[in-house]
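Coordinates in review
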Amino acid sequence: MLRVLLLTLSVVAIAHAELCKPDAQNAFKVRLSIKTALGDNAYAWDANEEYLFKAMVAFAMRRYSSRSTTQISNVLLCNVTDRVSFWFVVTDSSKNVTTVPGSEVEAAIRMNRNRINSAFLLSDKTLQFLKITSTLSPPLEPSTPVWLIVFGVVLCLIAAGIVFLVVAGIQQRKKKNKESTERENLEEKGEVTVTVENGIPCEPLDLKAGHINGVFAADDERFTSL
């Protein structure tokens, strides 16, 4: 019985070794920059940190609706280096000898990326899943709604147009009043412009005082004497 158990364990270990290796199907490489992120507060990467990583991946897979039965034992790590990089795969909990498709693992990691980063006090730049794109932060929404900004701009343009029309109207009215005043002053002083026709200056007709035609005046004197 013991031999059967040992044989079974050895077969499983060999199968796991074949499943988790660099560039294997559905395998992902992880690189951590703990020293860069935390400086003097950096922690050592050891078996406990590996266990936490497996737990976080299992947590992410369990939150992923189609893999709610994933256990920590289903997460396999291999090729761990001192500079903290390694490969991992997630095995199928129902068979344990096949790996979960990479697309499902990627979707689960992306959905829980912030939780995983927080567990290790890292970010997308210092905890890198090399085949999984970084989680995009939600776009920043302006504190003021866009429609209110547009409305304010339109209102300012309308107000500027009204002010321009009012100022232009006032200036035009002042100009007309000034021209009218000057014309009245010229009429009162008798300063009427002399017109020139064919190079000969023509005296203006004084409408107020009238003008006596010399021809008719002579005739009046002749008839009067008779």
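Definitions and cut-offs
Residues numbered from 1 in each chain as written. Predicted model: local features only at pLDDT ≥ 70, side-chain atom pairs only at ≥ 80, totals over all residues. Heavy atoms only, no water. Helix = DSSP H or I, 4+ residues; strand = E, 2+ residues; numbered from the N terminus. Buried < 20%, exposed > 50% of the residue type's maximum accessible area, 1.4 Å probe, protein only. Contact = heavy atoms within 4.5 Å. Areas by Shrake-Rupley, 256 points an atom, 1.4 Å probe, with all protein chains shown as cover. Patch = residues over 30% accessible without salt bridge, like charges linked within 9 Å, V, L, I, M, F, W, Y side chains within 5 Å. Salt bridge = Lys/Arg side-chain N within 4 Å of Asp/Glu carboxyl O. Phe/Tyr/Trp six-rings, centres within 6.5 Å; stacked < 30°, edge-to-face > 60°. Pairing = 2+ DSSP bridges. pLDDT = per-residue confidence, 0-100. Core = buried A, V, L, I, M, F, W, Y, C linked by side-chain atoms within 4.5 Å. Axes fitted to C-alpha atoms, helices over the stretch in contact; angles between N-to-C directions.

Re the overall build of the protein
Within the protein, the regular secondary structure consists of seven helices and six strands. Taken from N to C terminus, the helices and strands of the protein fall in the order α-β-α-α-β-β-α-α-β-α-β-β-α. Of all 226 residues assigned to the protein, the portion counted as buried reaches 23%. In the protein, of all internal contacts separated by at least 6 residues, the share reaching a separation of at least 24 is 57%. Taken as a whole, the protein presents about 16900 Å² of accessible surface, with 59% of it coming from carbon and sulfur.

Notes on the environment of alanine 107
Locating alanine 107 in the fold gives a position in helix H4 (residues 102-111). Under the relative-accessibility criterion, alanine 107 is labelled partly exposed at 28%. Along the primary structure alanine 107 and methionine 61 are separated by 46 residues, whereas in three dimensions their C-alpha atoms are 9.0 Å apart.

Thoughts on unusual backbone geometry
Its identity as a non-glycine residue notwithstanding, asparagine 79 has a phi of 55°, on the positive side. Of note, asparagine 79 is situated in the loop between strand E2 (75-78) and strand E3 (85-90). Notably, leucine 121 is not glycine yet its phi reads approximately 60°, a positive angle. Tracing the sequence through the fold places leucine 121 in the loop between helix H5 (113-119) and strand E4 (127-129).

With respect to a nonpolar patch on the surface
Nonpolar side chains collect at one region of the surface, where Val146, Val150, Val154, Ile158, Ile162, Val166 and Ile170 lie side by side and expose about 610 Å² of accessible area between them. Within the secondary structure layout, isoleucine 162 lies in helix H6 (residues 146-189).

A word on the packing of aromatic side chains
Enumeration over the complete set of coordinates arrives at eight aromatic pairs. Judged by centre distance (6.2 Å) and plane angle (25°), the rings of phenylalanine 53 and phenylalanine 129 are stacked. One end of the pair, phenylalanine 53, is in helix H3 (residues 47-63); the other, phenylalanine 129, is in strand E4, and 76 residues separate them in sequence. Of the two residues, phenylalanine 53 and phenylalanine 129, both sit in the buried class. Three or more aromatic residues link up through ring pairs in this structure, and these residues are Phe28, Trp45, Phe53, Phe86, Phe88, Phe120 and Phe129.

Side note on the pairing of E2
Burial along E2 is two-sided: the residues Val75 and Leu77 and Leu76 and Cys78 are all buried. Two successive antiparallel strands, E2 and E3, enclose a turn made up of six residues, where asparagine 79 displays a positive phi of approximately 55°.

Digging into the confidence of the model for the protein
For the protein, mean pLDDT is 79; residues scoring 70 or higher make up 69% of the total. Helix H1 (residues 2-19) is the least confidently modelled element of the protein, averaging 50 in pLDDT, while E3 averages 96, the highest of any element. Of the regions scoring below 50 in pLDDT, residues 4-14 engages in zero contacts with residues more than four places distant in sequence or in other chains.

Regarding the nonpolar core
Of all hydrophobic cores here, the largest spans 27 residues; its most connected members are Leu32, Phe53, Phe88 and Phe129. Broken down by element, the residue count for this core peaks at six residues, all from H3. Core analysis: the second largest hydrophobic core is formed by seven residues, Ala27, Leu76, Trp87 and Val89 among them.

Here's the deal with the sheet that holds E4
Taken in spatial order, the four strands line up as E2-E3-E1-E4 in an open sheet, and their pairing is antiparallel. Strand pairing shows two members of the sheet lacking a second neighbour, E2 and E4, which therefore form its edges. Here the average twist between neighbouring strands, direction ignored, is 25°. Direction of pairing for strand E1 (residues 28-32) relative to E4: antiparallel, over a ladder of three bridges. Each bridged residue has a counterpart across the sheet, and for valine 30 the counterpart in E4 is phenylalanine 129.

A look at the pattern of salt bridges
Tallying each qualifying case throughout the model produces one salt bridge. Put simply, aspartate 124 and arginine 113 hold a salt bridge, and the shortest N to O gap is 3.5 Å. Here the residue aspartate 124 occupies a position in the loop between H5 and E4, and arginine 113 occupies one in helix H5, the gap between them amounting to eleven residues. Here aspartate 124 matches arginine 113 in class, with each residue buried.

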